[in-house]
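Topology and contacts: notes
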Amino acid sequence: MGALAAAIAVGLGALGAGVGNGLIVSRTVEGIARQPELKGQLQTTMFIGVGLVEAMPIIAVVIALMVM
């Protein structure tokens, strides 16, 4: 049962991160298309956001290892 819980936690964490990264990057590209002069600022903010979103699957893996 613990292995199943761990697999679900890691899978949902990865799914959520994939959706989140897709939304962040798509909105950044949209913002760059609207205002190309803000490309540097938008990319910086995007990389910070992607880093925060990627923390979720890492935390999910840690929780999964604790469950097992």
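See the structure shown above.
Residues numbered from 1 in each chain as written. Predicted model: local features only at pLDDT ≥ 70, side-chain atom pairs only at ≥ 80, totals over all residues. Heavy atoms only, no water.

**With respect to the packing of helix H1 (residues 2-34) against helix H2 (residues 39-67)**
Interaxial distance between H1 and H2 falls to 8 Å at its minimum, and their mutual angle equals 175°. Taken together, the axis directions place H1 and H2 in an arrangement best described as roughly antiparallel. Its residues assigned to classes, the contact of H1 with H2 comprises 19 nonpolar, 9 polar and 2 charged. (Axes fitted to C-alpha atoms, helices over the stretch in contact; angles between N-to-C directions. Helix = DSSP H or I, 4+ residues; strand = E, 2+ residues; numbered from the N terminus. Parallel < 35°, antiparallel > 145°, perpendicular 65-115°, else oblique. Nonpolar A, V, L, I, M, F, W, Y, C, P; charged D, E, K, R; others polar.)

**Comments concerning the pattern of salt bridges**
On inspection of all chains with the given rule, the structure shows 1 salt bridge. Note that Glu30 is salt-bridged to Arg34, the shortest N-O span being 3.3 Å. Of the two residues, Glu30 and Arg34 are both situated in helix H1; the distance of 4 residues between them amounts to about one turn of the helix. For Glu30, a relative accessible area of 38% translates into the label partly exposed. (Salt bridge = Lys/Arg side-chain N within 4 Å of Asp/Glu carboxyl O. Buried < 20%, exposed > 50% of the residue type's maximum accessible area, 1.4 Å probe, protein only.)

**A closer look at the side chain of Asn21**
When you line up the elements, Asn21 lands in helix H1. Apart from residues no more than four positions distant in its own chain, Asn21 is found in contact with Val50, Val53 and Glu54. (Contact = heavy atoms within 4.5 Å.)

**Concerning H1**
Given 3.6 residues to a turn, an α-helix orients residues that are three or four positions apart in the same direction. In this model H1 runs 48 Å from its N-terminal to its C-terminal C-alpha over 33 residues, within 8% of the 48 Å that 1.5 Å per residue would give. By the burial criterion, the buried members of H1 are Ala6, Gly13, Ala17, Gly20, Asn21, Thr28 and Gly31. Tucked into the core, H1 has its buried residues touching H2. (Expected span 1.5 Å × (residues − 1).)

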